[in-house]
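# Inside the fold
Here is what each chain is made of, one letter per residue.
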Amino acid sequence: MGHTQIWWIRRDIRLQDNQTLDAARQNADFLIPLFIIEPELMQQAAPKRRDFILAALADLDRQLRDLGSRLIVRQGPAQQALQALSTQLGEISLFAHEDYSPFARQRDLNVSQFFPIHHPEGVTLRHPSAILKDDGNPYTVFTPYKNKWYESPIPTPADCLPAPNSLPPLPQGLDAGQLPEAQASEHFPATSDEAQSRLQTFADDGIQRYQSLRDRMDLDGTSRLSPYLRFGLISIREAFVEAQIAYHQSKTTKQRSEIRTWMDELVWREFYTAILYHFPNVMRGAFREKYQNIQWRNAPDDLQAWQDGKTGYPFVDACMRQLAHTGWMHNRGRMIAASFLTKDLLINWQEGEAWFMANLVDGDPAANNGGWQWSAGTGTDAAPYFRIFNPVLQGQKYDPEGDYIAHWVPELKHLPVKFRHEPWKIDPAEAKKYGFKYGSDYPKQIVDHKFARQRTLKAYSEAKDSFFENQEG
DNA sequence: AGGTTTTTGAA
DNA sequence: TCAAAAACC
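Numbers given for residues are sequential positions, taken from 1 along each chain in its written order. Throughout, the order in which chains and ligands are written sets their labels, letters from A for the former and numbers from 1 for the latter. Thresholds applied to this predicted model are a pLDDT of at least 70 for local features of residues and 80 or more for the giving and counting of side-chain atom pairs; totals over whole chains, interfaces and linings are not thresholded and use all residues. Calculated side-chain values reflect all of the structure's heavy atoms, with hydrogen atoms and water omitted.

## So, the protein's contact with DNA strand B
We count it as follows: We call a residue near a molecule or strand when any one of its heavy atoms sits within 4 Å of it. Within 3.5 Å is the distance limit for a polar contact, defined as a pair of N or O atoms, with the added protein rule that one can donate a hydrogen and the other accept it, and that residues adjacent in sequence qualify only through two side-chain atoms. Numbered from the N terminus, helices here are DSSP runs of H or I no shorter than four residues, and strands are runs of E no shorter than two. For this classification, Asp, Glu, Lys and Arg are treated as charged, while Ala, Val, Leu, Ile, Met, Phe, Trp, Tyr, Cys and Pro are nonpolar and the rest, including Gly, are polar.
Taken together, 15 residues lie near DNA strand B, and Trp268, Phe386, Arg387, Ile388 and Gln394 sit nearest. Counted by atom, the contact set of DNA strand B within 4 Å of the protein is 59% sugar and phosphate. In the model, a phosphate oxygen of DNA strand B is placed 3.1 Å from a nitrogen or oxygen of the Asn390 side chain. Side-chain polar atom of Gln394 to a phosphate oxygen of DNA strand B: 3.0 Å apart, as the coordinates give it. Sorting the residues of the surface near DNA strand B by element identifies helix H14 (331-344), helix H17 (391-398) and helix H21 (449-472) as the ones contributing at least two each. Split into classes, the residues belonging to the surface near DNA strand B amount to eight nonpolar, three polar and four charged.

What follows is the structure in structure tokens.
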């Protein structure tokens, strides 16, 4: 009987540049590429996210078969699945990349009581504990974190691990298990080829205009790589390496700045991963205590209208419908939708955080929580609470022709640009010309922005004042 | 990674 | 009188 090693696949669904696979196949007589379908995945993950993972695994299975292996699937909980394998196979060695979310850490702690886990890195480029202030404490402000982060070198292509061209065999007589059927996404095909092609296309071209175009909702200015990074169809190292190549090839300061802006976004990903790692309580409430007791409104109908994309604010509704339909939302859209829920509707950001996790194909607890707390003004390095987006001005600025609105809110697409942004301003007689009736073809505003703005400034300032009063008393 | 109101200073 | 800048939220 030889030595069996398990590559426990989590968010590293790839063969290339995979430190965990690389470690697991060394000195292995048998290698099991294992995915454990944990109850949390099937019950709690957004359907589109679950489908993305399952489709990516099916694609990985095809690649593994080309190498004479195949994907082995088990039902969770993880510890039971591993116990069963160990009973069947005898001694096993377990390799799984270190993951940093509270759920993953607790699970790995439980499992490691029974099976020691070899824990290569790879989810981030720098370990959350690798970037600390000189006094040893974690950063809570992005800019100094970023400066420290960039002090270490960015990897080069030579640092990336090639996909193996052979793998140790599977043990005899092992049941492969079965992946549930997944619905394929037309917007995010979950294959390795698609991931590589998106990265290459973006690194060759779009990255050079990223800074200039990234906020335009009507253009394809972003990489749309988030789900592929989320589940490791490409590695974060590959992403940085490709960006760094483009950076070194660029001729002008302007071009370098465009590229650097994209790299900074990847550093935000590392930053929020580190924040959740060091401050797991952010999952339960405001990072900044003085905003823990904001008097949020309990307004289920307003929440529902926001979720359905029927707030009567076309830009917000377009964002929310894009999310529901594709499982993805533009980053600026996320900020605007979040500002609207928290500042215009004065609904607890945790409602929005949950809705995004229930719908996003790229939903990641660290990035999602960080983004929501930033938007709500309750987080580390957050937007100041008085920074309240005006949903109309944002639309006019970042969707100047109203094309994005027209696509996702088609009931407005026959209106002139001005009225796509402000359908309430159209004269009923003129509306008739376009076969449009405000209030029935498209909902009326569920809240007046100007009024809502004052309400929110008051609520935040009261929360802050009462916090400081309680502190003194 | 903003918006709104007030002030300023050049027509 | 108006647009840009500054101040404030």
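## Quick notes on the side chain of Thr342
So the rule is basically this: The contact rule is simple, with two residues in contact once any of their heavy atoms fall within 4.5 Å.
Following the sequence through the fold, Thr342 ends up in helix H14. Side-chain polar atoms of Thr342 contact the backbone oxygen of Ser339, separated by 3.5 Å. In contact with Thr342, other than residues within four places in its own chain, are Trp296, Ile347, Trp349, Trp372, Ser375, Ala376, Thr456 and Tyr460.

## Section: unusual backbone geometry
Following Gly76, the chain continues to Pro77 via a peptide bond in cis, the omega torsion being 0°. Take Pro77: it is sitting in the loop between strand E3 (72-75) and helix H4 (78-89). Look at Asp17: it is not a glycine, yet its phi comes out positive at around 45°. Assignment of secondary structure puts Asp17 in the loop between strand E1 (4-8) and helix H1 (19-25). The phi dihedral of Arg224 is positive, around 50°, even though this residue is not glycine.

## Observations concerning the packing of aromatic side chains
Heads up, the rule is: Stacked, edge-to-face and tilted labels apply to pairs of Phe, Tyr and Trp rings (six-membered ring for Trp) whose centres lie within 6.5 Å, assigned for plane angles under 30 degrees, over 60, and everything in between, in that order. Buried residues are those whose accessible area, probed at 1.4 Å on protein chains only, stays under 20% of the maximum for their type, while exposed residues exceed 50% and partly exposed ones sit between those limits. In this analysis the charged atom, NZ for Lys or CZ for Arg, is taken to sit over a ring once it is within 6 Å of the ring centre and within 35 degrees of the ring normal.
Counted by the stated rule, this structure contains 28 aromatic pairs. Ring centres of Trp306 and Phe356 lie 6.1 Å apart, and the angle between their planes is 10°; this geometry places the pair in the stacked category. A residue pair is termed long-range when its members are at least 10 positions apart, and Trp306 in helix H12 (residues 300-308) and Phe356 in helix H15 (residues 349-357) qualify at 50 residues. The residues Trp306 and Phe356 share a single accessibility class, namely buried. Three or more aromatic residues joined by ring pairs make a cluster, and in this case those are Tyr139, Phe142, Tyr145, Trp268, Phe271 and Tyr272. We note Arg10 situated over the ring of Trp8; from NZ or CZ to the ring centre the distance is 4.1 Å.

## Observations regarding the protein's contact with DNA strand C
The environment of DNA strand C is made up of Phe386, Arg453 and Leu457. Among the atoms of DNA strand C lying within 4 Å of the protein, the sugar-phosphate backbone contributes 12%.

## Concerning the packing of H14 against H21
Rules: Lines fitted to the C-alpha atoms define the axes, with helices restricted to the stretch that makes contact. Angles between their N-to-C directions range from 0 to 180 degrees. Every angle not falling under 35 degrees, over 145, or within 65 to 115 is termed oblique; those three ranges are roughly parallel, roughly antiparallel and roughly perpendicular.
The interhelical angle for the contact between H14 and H21, taken along N-to-C directions, is 70°, at an axis separation of 9 Å. Considering their axes alone, H14 and H21 lie roughly perpendicular with respect to each other. Contact residues: Thr342, Lys343 and Asp344 in H14; His449, Ala452, Arg455, Thr456 and Tyr460 in H21.

Everything listed here is a matter of geometry and, on its own, says nothing about what the molecule does.
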